[in-house]
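# Summary of structural features
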Number of protein chains: 4
Amino acid sequence: MASSFGERLRVSIYGESHGNGIGALIEGLPAGERIDTDTLMRFMERRQGGRNALSTARKEPDIPEFVSGVFEGRTTGFPVCIRIANTNTRSGDYNNLVLKPRPSHADYPAYVKWNGAADMRGGGHFSGRLTAPLCAAGGIAKQILSRHNIFAGAHLSSIGTVHDEVFPMLPEPSLFDAVAEKAFPVISDVQGERMQQEILAARQEGDSVGGTIECMILGLPAGLGDPMFDGIENRLARVLFGIPAVKALEFGDGFALSEMRGSQANDPYTVRDGKIITKTNRNGGILGGISTGMPLRFRVGIKPTPSISREQETVSLPDGEPTTIEIKGRHDPCIAQRAVPVIEAAAALCVLDLLLSDTEL
Amino acid sequence: MASSFGERLRVSIYGESHGNGIGALIEGLPAGERIDTDTLMRFMERRQGGRNALSTARKEPDIPEFVSGVFEGRTTGFPVCIRIANTNTRSGDYNNLVLKPRPSHADYPAYVKWNGAADMRGGGHFSGRLTAPLCAAGGIAKQILSRHNIFAGAHLSSIGTVHDEVFPMLPEPSLFDAVAEKAFPVISDVQGERMQQEILAARQEGDSVGGTIECMILGLPAGLGDPMFDGIENRLARVLFGIPAVKALEFGDGFALSEMRGSQANDPYTVRDGKIITKTNRNGGILGGISTGMPLRFRVGIKPTPSISREQETVSLPDGEPTTIEIKGRHDPCIAQRAVPVIEAAAALCVLDLLLSDTEL
Amino acid sequence: MASSFGERLRVSIYGESHGNGIGALIEGLPAGERIDTDTLMRFMERRQGGRNALSTARKEPDIPEFVSGVFEGRTTGFPVCIRIANTNTRSGDYNNLVLKPRPSHADYPAYVKWNGAADMRGGGHFSGRLTAPLCAAGGIAKQILSRHNIFAGAHLSSIGTVHDEVFPMLPEPSLFDAVAEKAFPVISDVQGERMQQEILAARQEGDSVGGTIECMILGLPAGLGDPMFDGIENRLARVLFGIPAVKALEFGDGFALSEMRGSQANDPYTVRDGKIITKTNRNGGILGGISTGMPLRFRVGIKPTPSISREQETVSLPDGEPTTIEIKGRHDPCIAQRAVPVIEAAAALCVLDLLLSDTEL
Amino acid sequence: MASSFGERLRVSIYGESHGNGIGALIEGLPAGERIDTDTLMRFMERRQGGRNALSTARKEPDIPEFVSGVFEGRTTGFPVCIRIANTNTRSGDYNNLVLKPRPSHADYPAYVKWNGAADMRGGGHFSGRLTAPLCAAGGIAKQILSRHNIFAGAHLSSIGTVHDEVFPMLPEPSLFDAVAEKAFPVISDVQGERMQQEILAARQEGDSVGGTIECMILGLPAGLGDPMFDGIENRLARVLFGIPAVKALEFGDGFALSEMRGSQANDPYTVRDGKIITKTNRNGGILGGISTGMPLRFRVGIKPTPSISREQETVSLPDGEPTTIEIKGRHDPCIAQRAVPVIEAAAALCVLDLLLSDTEL
C-alpha cells in the first residue's frame, strides 16, 4: 500500500513537505526495547542539511515526538506513531511550480494521477523531507539490532566520477562509527575532499550532481530470508527504491558480476575459527535470497538533484504549452551525502523485519 | 510470502527441479480473457534450453496444463493453477552435491535455513527451471496487455564485456517481435555472434559467463504506480530479484545517472502530437515511482552460472571439513540469453498487476 | 498487521487510552474528496460519552486534527494521518489494576504477550477510546460513499433481553438519519425507553449489561466481493471483531438460518422495476461472499462492559496469588449504544475498500 | 486475495467443481514435518459424502497428490502444492442451471461479477467440493499442532432445532477422537439419532436443513494473537466465513453474552496447579483478540443447503424474465455434518499460522 512496507515490522510514512507535519507509524516493534533519544537525535542529524555549504539552507530541528507506543522510554508492543513538525516551510518559493512541472521531479505524473488534487508544494509527499521519519524509524531499528550485535553502516562511495575506497570484506563495526561521525561520510578523507569539490563546482554552475552509496550489514546469521520473491534482495530492493532519487541497486559485485567468468564470480567455501565462511564475498552475503552468514553488501545509485537553478524546458499544465522554468528556492546541489543515513535506516528496518518474520515453532 | 508476489494479481510459484511437477497459481486474472495456446507455447520455448550448443542438454516440452481457472480457452475469474510436468530428471547427477554445497548456489544457506530438510536435488525450488511457470504466467499477462496496446520486450544487452546495441528511445513493438524470433535474442546480429563466441569460449574452459538484459514496456499511460514503496520501480524490483542469478537492477540510465550533472540527467518536457512527452528518457519512464507516459526502461545484471565443471573449493556438511567439488551433470555456460523472456514475463505480470491495482470509484 | 486492515484502503489505528494521543493513518483514500468537518464532528459525537446518565463521565472533545493528506479541505491522495488529543486522562484511577488483571479485559493476556511492557493504563491500546479514530476514518468513508448513493446505518437492536424493532427489508436512507439523530439510537422509542431502564438497573447494582446492533448498507451494486476468503462477510468480520467487546456476528438471518428448512431460508429471485431482486433477504445481500444488489445486513453481539464496580475474583501478577478487585474509575454500564456509530464506521470503511479493490482493466 | 489466507502460513485454494482438478497451495509450512498419509486420509474421509443416506451420491476418493514441497514423506520448507482429481463429474445434471440462477447459491452475483465468464457448473469455485483441499491442508496442520500438544476438535451442535450436548469447559483430547470416529459427529448419540431424523425428514420433503458446529482448540498458550484487527477472533472469522454456507459465528458464549450482566459474563481468575486460569470460559479463551491460555471455543451457524428439489422462483438471465427452477442432480439435504472436519481444518490452519506469526527476537 504505497507508503508502507514490511511483513511483521510494518513502517508507514506520512506527511507532505509543507503540510502540518510528517511522521511514521511503526507496527510490530518488539516490546520493552529502550529508545536512546540522544543516539536517535545524533543519527537523525546525519541526514539534516545546513551543516555546510553543500546543503540546503532549510534547517529544521526534526525532533521526533512519540505520540504512541512508547512508555517511559521503552516500546510497549503497541503501534509507535512518530510525528515531526514542519517548522520551516516557505511555500511562496514553490507556488509558481505547481502548473509548470519541474523536469525529473514527480510533479507531472502526480498531476496526472491525482487530477491536480495532490498537495505538491515543496514536492509534497515525494519530498526528500519524508526521509526524516524513515530515519527516525530506522534509528530505532538500529538500536534494537545493535543489542543483537547486528550493525548497518554506509558511506558515500562516489560523487560524479570521484570514488571513495570500498569497505573491506570484513569490516569492524567501529569503521561504521568512524564514518558516521564525519561531516562528510567517506572512508578516505582525501577522496572526500575531491568529492566535495565536485559538489561545489556543480553548485557554482547552477547545477547538481549524483553519487553512489555502499552499505553493509554485519552480524546476520546464515539462513535468513525466504526464497524467490521474499528474499533479502527483494525486501531491500522494495524499500530502497522508495527513497527519492535512487535509480539503481546492486548486491555484492552486482553489474560487475555480469562481466565475470563463473570461476571468478563464485565464492569458495572454507572454514575459519570453526565457522563456515566464503573466501570472497562477491555475492554480497546473499544466495538464493538467503543470508550466507557473510556481511550483506549492496550499492545504490542516486541521480543528481532534479532541482537546478538553470533554465529548463517544460510545459504549462493543463494545456501543455511549451515554456521554461528556473527553479528558485532552497535546494541541495547533491543529496547523495545526506542519503547515507537514510540507506542505513532502510536497511536496518528491512533486516529487523527479516529477523522478526523468521519463524520457528 | 516467499514464492508469491502481486497485489490484485497474485502469482505464486511452486515446485522443485526434481519433484513431481512445477507450476504457478495465478489469482486475480481478469475474467473472459482468451488464452492463445500457440502463442503461449512459442513464448515459453524462448526460455528453453537445447536449441543450440549454448544451452543445457536438458530438454523438456514444458507444456502448461491448466488445472483450474480456464474454461473453453478463456479465463473464468477463478484462480488459475498451471502445472508443468518434470519429465527429464536425472537426480543421480546431483546426488553427491547434497553434502558439499556448490559455491554461489543456494545450497549452503538453504541447508542452514531448513536444517537439511529441503529437497535440493537439481537446485530444488531455487532451480532456474522454476522460471518456466513464471513464463507461463507472464505469457498470459503479455497476451492480455497486448489487447490494451501495452507491450513488453527485452534483449540480451551484453555477455561478459561484449555489448549489443541499446533499444531506441521510442521503439516500435515490431522490434520486440523481431528480437523474440531470433534464436539468440539481440538487436545486432554481429554483436550477437561475438557474444555467442564468449559463451562458447567459457564453456570450452569448463567455465561460465554472465550478462545483462535490457527491457522496455511500451504503451503505459502516465499516472500509474503508487508513491514511495509501491512505485513501479519497487514493484518491478521485488519480482526481478526473484529471478535466479539477477544481482543488479537499474532504471533508465541507472548508475550512469550518478555520474551526471542534473542538467544532463533531467528529462525536459515538450509536446508532440498534442501529447506531453519528455525529450529524453534518462529516468526510464518513472518519476517518484509513477509512470510518465514514456516507455518504461530497465536493465538487469545476471551473474555467471554458478555451476562450472572446474574444481572448486567447498566444505562438507554438516562437519565443515574443507574439500573440493567438480560439478557434473547438465548446466548452461550462460543463462542470460535464456533469461530474456523470463524478464519480459516478470515485467508483464508486474505491469498487469499495476493496472489492476489502479483504483477509481 | 494487528491494528491495520484493508486492501486498497488501509486503515491503521494507533494510540493508548492514557498516552500522548490516539489516531488513524488512512492510506488509499481517493483524491479530491471534500471532508465536511461539521458532519464529521456530528458523527463522532454519536460515540461520545457524557450525553446522559448512561455513559462514562469522561468527556473529551475528540476533535480530529488532519496532520497530513488533506489540503484546503480535500483529500490529496497522500496518506491521511489523523490525530486526536487525550485531554482527560486520570491515570491514578487505574494504577492499582496493573498487577491485578481485571476479569474479561485484555489485561492478563497482554501482560503475558508483552512481558509486562505494554502501557495498559485505562486499557491501553485495547481501550474503547481507540474507536474514536476509527469513527473519524469511517465518518470520512461515509461521506465519500454517500456521494455514490451508498449509505450505512445501524441501530441498537437489543439491550439484555429487550429488543428494538428490526430494520425493514428495504429501508429508506432517511430512517438511518432519524435513528442517528436520537440520543438513544433505536427505531422504537418505546423499546428504547425499556432498554435504558435495563442499563440504569445494571448501573444501580454496580453491574453492566450487553446488547446487539443491527447494521445495513444500502446502494451496493451486485457483483462486489471476492470468493472464499475475501468475500464481503470475511472482510467485514475481520474488522468488526476488532471492535472491543464484539463477540458474535451474523449475516442476514444468521444463526436463525441454521434452524430453517432450505425452502424457508432461500431467497427467490424476481424482477421489480426492471431490476433483479430477491423477494426476501434472509442471506443479508451476500451470496458466496459477493453482493446480490440487495441491502447488506448483519448483526453483532456485544458483551457487557467488563468493568463493574462489584468485587470480582482475580490473581496478583506475576506471582498468581488469588485476590479480589473492585474496579473504580469511570466506566459505562453499557457500551452497546455508543458502539452503534462505530459499527457504521467499520462497515463504511470495509465497503469503500471493497469498491476501491474492485478492478477492471 | 480472494481464495487465499494467512500471514506466515499462506493457504490458497484453487479449482472448480467440474474442472480438471482442485487443490491447495500451502506456503510457509515448517520444514522437516512428517505427513502421516493414513491419518490424513482418515481425516479427509470425514468430510466425504456417501457413507449413509444423509449425503450426496457423489463419491470420490479425494486422494491428495503432493505435487511439490514434500520429499520422502516430510515437508521441505518449499511451497506444498496439493492436487485432488475430479473423477466423478456429471455436468449434464447442471447445464440447465447456468441461465437460471439457483436461489441462495452464488450463481447470480457470480454472473454479474464475471459477466458470465465464470465456470459455474456444479457451483464452480463456490462448490462445497472446494473444502476437500482445505481439509487436506488443515489435516497437515492438525498433525503438526498435535506434536506441540495442540488439538482442534469439533462436533455437530445442532440440526434444525435439535441440539447436541455442549463440549465440557476443559475437554480431554480423547473426546475429540471419539467424536471424530463416529459416522455422525456428535457427543450424544441419542441426540444424534434425532438430528438424523431431522435430516431425513427434510430430504423426504424435497427440502434441506441447517445446523451449527461447536469447535474447540486445546493447548494454546496465553499471549498469542495481535490486538485489534489481527486478533484470534479476526483471523478465525476471516477463514470461517470462507467456508460455504457459514453465515454466523460466535466466540465463547457469543450472542448469549449480549443478554447477560457483566457479573455473569466475566470470567474470574484463579490458580490451579500453579497455572493462572479462569473459573469460567464465557469469553472462549480470547480477550482483546489474544489467547488467555484457556481453550478456544467458537460456534458457527450453517444455513440449509440451497439446493432443494422443490420448485423455486427465479429469473432467466440475462433478460430477467420470471420463471421457476427445480434443481435436479445430487445434493445433500444437510451439509452441516460434513462441515465438521472442515471447521477443524480451518481452525487448525489459523492456529498454526498464529504460532508461526508470533515473533520474538
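Residues numbered from 1 in each chain as written. Chains lettered and ligands numbered in written order. Predicted model: local features only at pLDDT ≥ 70, side-chain atom pairs only at ≥ 80, totals over all residues. Heavy atoms only, no water.

### Describing the overall build of chain A
As a reminder of what qualifies: Strands are runs of DSSP state E lasting at least 2 residues, helices are runs of H or I lasting at least 4, and numbering of each runs from the N terminus. What the globule rule says is 2.2 Å times the number of residues to the power 0.38, and the radius of gyration is computed from C-alpha atoms. Between buried and exposed lies partly exposed: a residue is buried under 20% and exposed over 50% of the maximum accessible area for its type, with that area taken using a 1.4 Å probe on protein chains only. Throughout, a contact is declared for two residues whenever any of their heavy atoms are within 4.5 Å. Values of accessible area rely on a 1.4 Å probe in the Shrake-Rupley scheme; residue burial ignores everything except the protein chains shown. Charge convention: Lys and Arg are scored as positive, Asp and Glu as negative, and His as well as the terminal groups of each chain are ignored. Here the site of a charge means NZ on Lys, CZ on Arg, CG on Asp, or CD on Glu.
Regarding its fold elements, chain A presents eight helices and 18 strands. The globule rule puts the C-alpha radius of gyration for 361 residues at 21 Å, and the 21 Å found for chain A is close to it. Along the longest, intermediate and shortest principal axes, the C-alpha atoms of chain A span 65 × 50 × 35 Å. Taking all 361 residues of chain A together, 68% fall into the buried category. Long-range pairs, those at least 24 residues apart, make up 71% of the contacts in chain A between residues at least 6 apart in sequence. As presented, chain A carries roughly 11300 Å² of accessible surface, and 47% of it is formed by carbon and sulfur atoms. Between the averaged position of the 37 positive side-chain charges in chain A and that of its 43 negative side-chain charges there is a distance of 1 Å.

### Brief notes about the side chain of C:Thr75
Note the following rule: Polar contact criterion, stated in full: a pair of N or O atoms within 3.5 Å, where within protein one must be able to donate a hydrogen and the other to accept it, and residues adjacent in sequence count only if both atoms are side-chain atoms.
Looking at where C:Thr75 falls in the secondary structure, it is placed in strand β6 (residues 74–75). What makes C:Thr75 buried here is its relative accessible area of 1%. In this structure the side chain of C:Thr75 is engaged in a polar contact, spanning 2.7 Å, whose partner is the backbone oxygen of C:Pro30. Sequence-distant contacts of C:Thr75, defined by excluding residues within four places in its chain, comprise A:Ala117, C:Leu29, C:Pro30, C:Ala31, C:Gly32, C:Glu33, C:Ile35, C:Gly69 and C:Val70.

### Things to note about the interface of chain A and chain B
Put simply, the test is: Values labelled buried area give the accessible surface lost by two parts on being combined, using a 1.4 Å probe and summing over both. We define a salt bridge as a side-chain nitrogen of Lys or Arg found within 4 Å of a carboxyl oxygen belonging to Asp or Glu. Classes in brief: Ala, Val, Leu, Ile, Met, Phe, Trp, Tyr, Cys and Pro nonpolar; Asp, Glu, Lys and Arg charged; the others, Gly included, polar.
With 97 residues of chain A in contact, the opposing surface of chain B contributes 97 residues. The largest contributions to the chain A side of the interface with chain B come from A:Phe229, A:Lys247 and A:Tyr269, which together make up 11% of the buried area. Here chain A is connected to chain B by 12 salt bridges. Among the salt bridges present, the one from B:Lys247 reaches A:Glu233, with a minimum N-O distance of 2.8 Å. Here the residues of the side of chain A that touches chain B sort into 45 nonpolar, 31 polar and 21 charged.

### Brief notes about unusual backbone geometry
Comment: phi is negative for the bulk of residues other than glycine, and the bulk of peptide bonds are trans. With an omega of 0°, the peptide bond running from A:Leu317 to A:Pro318 counts as cis. Along the chain, the position of A:Pro318 falls in the loop between β17 (311–315) and β18 (322–326). Positioned with a positive phi, B:Glu72 is a non-glycine residue whose angle comes to about 50°. Take B:Glu72: its relative accessible area is 70%, and that puts it in the exposed class. One non-glycine residue, B:Ser104, lies in positive phi territory at about 70°. As for its position among the elements, B:Ser104 is in the loop between β7 (80–85) and α2 (107–113).

### What to know about the interface of chain A and chain C
Taken together, the contact between chain A and chain C spans 40 residues of the former and 40 residues of the latter. Here chain A and chain C share an interface that buries about 3100 Å² over both sides, 64% of which is from carbon and sulfur atoms. The largest share of the area that chain A buries against chain C comes from A:Met1, A:Val67 and A:Phe78, three residues that together contribute 22% of it. Inspection of the chain A/chain C interface yields two salt bridges. Residue C:Glu65 is joined to A:Arg83 by a salt bridge in which the shortest nitrogen-to-oxygen separation is 2.7 Å. Taken together, chain A and chain C are joined by 12 residue pairs in polar contact (both at pLDDT 80 or more). Every element with two or more residues in the side of chain A that touches chain C is listed here: β2 (10–15), β3 (21–27), β4 (65–68) and β7 (80–85) of chain A.

### Looking at the environment of D:Gly19
All names here are of chain D. Looking at where Gly19 falls in the secondary structure, it is placed in the loop between β2 (10–15) and β3 (21–27). For the pair Gly19 and Pro295, spaced 276 residues apart in sequence, the C-alpha separation works out to 40 Å. Ignoring sequence-local partners within four residues, the contact set of Gly19 consists of Asn86 and Arg121.

### Some words on the sheet that holds β4(A)
All names here are of chain A. Under the convention used in this document: Two strands qualify as a pair provided DSSP detects at least 2 bridges between them.
In space, the five strands of this open sheet follow the order β1-β2-β3-β7-β4, with antiparallel pairing throughout. If you trace the sheet from one side to the other, it starts and ends with β1 (4–5) and β4, each paired once. Pairing geometry for β3 and β7, over six bridges, is antiparallel. Bridging from a neighbouring strand, Leu25 pairs with Cys81 of β7.

### Brief notes about the sheet that holds strand β3 (residues 21–27) of chain C
All names here are of chain C. Ordered by their spatial adjacency, five strands build an open sheet running β1-β2-β3-β7-β4, and the pairing between neighbours is antiparallel. The open sheet has two edge strands with one neighbour each: β1 (4–5) and β4 (65–66). The pairing of strand β2 (residues 10–15) with β3 spans six bridges and is antiparallel. The partner of Ile13 across the bridge, within β3, is Ala24.

### Considerations on the pattern of salt bridges
Enumeration according to the criterion identifies 104 salt bridges over all chains in this entry. For the salt bridge of B:Glu7 with C:Arg8, the shortest nitrogen-to-oxygen distance reads 2.6 Å. In this pair, B:Glu7 sits in the loop between β1 (4–5) and β2 (10–15) while C:Arg8 sits in the loop between β1 and β2, so the two residues belong to two different chains. A relative accessible area of 7% means that C:Arg8 is categorised as buried. It is possible to trace a salt-bridge network through shared partners that takes in A:Glu7, A:Asp226, A:Arg235, A:Asp353, A:Asp358, B:Lys113 and D:Arg8.

### Observations concerning the relation of the copies chain A and chain B
The condition is simple: When the copies are overlaid, the least-squares fit takes in C-alpha atoms only where the residue has pLDDT of at least 70 in both copies.
Of the two same-sequence chains, chain A is brought onto chain B (RMSD 0.0 Å, axial shift 0.0 Å) by a rotation of 180°. Read as a symmetry element, the transformation amounts to a two-fold axis. Mapped onto chain B, 100% of the interface residues of chain A again fall at the interface, so both copies present the same surface.

### Description of the relation of the copies chain A and chain C
When chain A is fitted to chain C, the residual RMSD is 0.0 Å, and the transformation amounts to a turn of 180° plus an axial shift of 0.0 Å. A share of 100% of the interface residues of chain A reappears at the interface of chain C, consistent with the copies meeting face to face through the same patch.

### Concerning the environment of C:Ile26
Residue and element names in this part refer to chain C. Examined against the element boundaries, Ile26 turns out to sit in strand β3. Assessed through its relative accessible area of 1%, Ile26 is described here as buried. Sequence separation of Ile26 and Asp207 is 181 residues, and the distance between their C-alpha atoms is 37 Å. If we ignore the near neighbours within four places in the chain, the residues touching Ile26 are Leu9, Arg10, Val11, Pro79, Val80, Ile82, Ala137 and Ile140.

### Points about the confidence of the model for chain A
Any residue range with low pLDDT should be treated as having predicted coordinates unsuitable for detailed reading. Filter applied, for reference: As a per-residue quantity, pLDDT reports the predictor's confidence and falls between 0 and 100.
On average, residues of chain A carry a pLDDT of 93, and 93% of them reach 70 or more. Scored as a whole, the predicted complex attains pTM 0.97, and scored at its interfaces, ipTM 0.96.

### Structural notes on the packing of aromatic side chains
This is how the line gets drawn: Each Phe, Tyr or Trp ring (for Trp, its six-membered ring) is paired with any other whose centre lies within 6.5 Å, and the angle between the two planes then decides the class: stacked below 30 degrees, edge-to-face above 60, tilted in between.
All chains considered together, the criterion is met by 34 aromatic pairs over all chains. Taking the centre distance of 4.6 Å and the plane angle of 65° together, the rings of C:Phe229 and D:Phe5 count as edge-to-face. Within this pair, whereas C:Phe229 is found in the loop between β10 (211–218) and α6 (232–240), its partner D:Phe5 is found in strand β1 (residues 4–5), the two belonging to separate chains. With relative accessibility at 0%, the residue C:Phe229 sits in the buried group. What makes D:Phe5 buried here is its relative accessible area of 3%.

### Digging into the packing of helix α3 (residues 131–146) of chain B against helix α8 (residues 336–357) of chain B
Residues and elements named next belong to chain B. Formally: Axis geometry follows a simple rule: fit a line to the C-alpha atoms, using only the stretch in contact for helices, then measure angles between N-to-C directions, giving values from 0 to 180 degrees. Angular relationships are summarised with four words: roughly parallel below 35 degrees, roughly antiparallel beyond 145, roughly perpendicular across 65 to 115, and oblique for the angles in between. What makes a crossing left-handed is the near helix being turned counterclockwise from the far one by less than a right angle; a clockwise turn instead makes it right-handed.
Where α3 contacts α8, the axes come no closer than 7 Å and their chain directions differ by 50°. Taken together, the axes of α3 and α8 are oblique relative to one another. Of the two elements, α3 crosses α8, and the hand of that crossing is left-handed. Of the residues in α8, those in contact with Thr131, Leu134, Cys135, Ala137, Gly138, Ala141, Lys142, Ile144 and Leu145 of α3 are Pro341, Val342, Glu344, Ala345, Ala348, Leu349, Val351, Leu352 and Leu355. In terms of residue class, the contact of α3 with α8 is built from 14 nonpolar, two polar and two charged.

### Notes on helix α3 (residues 131–146) of chain D
Put simply, the rule is: What a helix should span is 1.5 Å times the count of its residues minus one.
Between the first and last C-alpha of α3(D) there are 22 Å, a value that for 16 residues agrees with the 22 Å anticipated at 1.5 Å per step. Among the 16 residues that make up α3(D), 14 are buried, leaving the element largely enclosed by the rest of the structure.

### Considerations on the pairing of strand β11 (residues 246–251) of chain D
For β11(D), a buried count of six out of six residues is recorded, marking the element as mostly surrounded by other parts of the structure. Looking at chain direction, strand β11 (residues 246–251) of chain C and β11(D) are connected through three bridges and run antiparallel. Within β11(D), the residue paired with C:Ala248 across the bridge is D:Glu250.

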